[in-house]
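Coordinate inspection notes
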Amino acid sequence: MSITFVELALGLTIIGVPYSVLVALCIAIFDILPVLGTGGIMIPWAVITFVLGDYGMAIKLLMVYVIITVVRNILEPKIVGGQLGLHPIVTLASMFAGVQLLGVVGLFGFPILLSLLRYLNDTGTIHIFRMKEEEKKEAEEQIEEEEEPAEKEEEGAGAAEERTEGQEENR
């Protein structure tokens, strides 16, 4: 809701709608409803404005709606997917499935769950998704890099113990 609110407030302020922040807040609250969303207010508002004869404002309202829809359906999944390490289509599908099954919790929970499952699969903890050979090699190299510092610390501790024992024997 907060992203939609900011987009709406900015768009409505740019096109010169009076009380744009308050109107954006009302539309963002209405946007919580799963079926209607932002278009449930923006489209009828543009149609009514057009019928009343303010063609310029009607076109501006439709442009704001189109921009918000594009940002929401195309850019947001790419941004969220990039942060989660998932393909945008997978992110969008998981967000849709999450909303349908669990509502707001599912909207955020499903992409995070998929990201966690991918991480566990990449590290070899679980084996759900089939990985290409290149991805397997990269994952194995990453695991080896993570394990090397721990081995060096253990070797350093063992060498220190040997030095201590050697020093005691010399005494």
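Preceding this section is the structure that the text describes.
An account of the accompanying structure is given in this report. Remember, predicted model here, so these are calculated numbers, not experimental data.

1. Overview of the packing of aromatic side chains
Scanning all chains against the criterion turns up one aromatic pair. Between Phe 50 and Tyr 55, the ring centres sit 4.9 Å apart and the planes meet at 65°, which makes this aromatic pair edge-to-face. Relative accessible area serves as the criterion here: at 47%, Tyr 55 is assigned to the partly exposed category.

2. Re the packing of helix α5 (residues 88–102) against helix α6 (residues 104–122)
Where α5 contacts α6, the two axes come as close as 7 Å, and the packing angle between them is 140°. In this view, α5 runs oblique relative to α6, as classed from their interaxial angle. The hand of the α5/α6 crossing is right-handed. Facing α5, whose interface residues are Val 90, Thr 91, Ser 94, Met 95, Ala 97, Gly 98, Val 99, Leu 101 and Leu 102, α6 presents Val 104, Val 105, Gly 106, Leu 107, Phe 110, Pro 111 and Leu 114. Residues of the contact of α5 with α6, tallied by class, amount to 12 nonpolar, four polar and no charged.

What counts and what doesn't
- Residues numbered from 1 in each chain as written.
- Predicted model: local features only at pLDDT ≥ 70, side-chain atom pairs only at ≥ 80, totals over all residues.
- Heavy atoms only, no water.
- Phe/Tyr/Trp six-rings, centres within 6.5 Å; stacked < 30°, edge-to-face > 60°.
- Buried < 20%, exposed > 50% of the residue type's maximum accessible area, 1.4 Å probe, protein only.
- Axes fitted to C-alpha atoms, helices over the stretch in contact; angles between N-to-C directions.
- Helix = DSSP H or I, 4+ residues; strand = E, 2+ residues; numbered from the N terminus.
- Parallel < 35°, antiparallel > 145°, perpendicular 65-115°, else oblique.
- Left-handed = near helix turned anticlockwise from the far one by under 90°.
- Contact = heavy atoms within 4.5 Å.
- Nonpolar A, V, L, I, M, F, W, Y, C, P; charged D, E, K, R; others polar.

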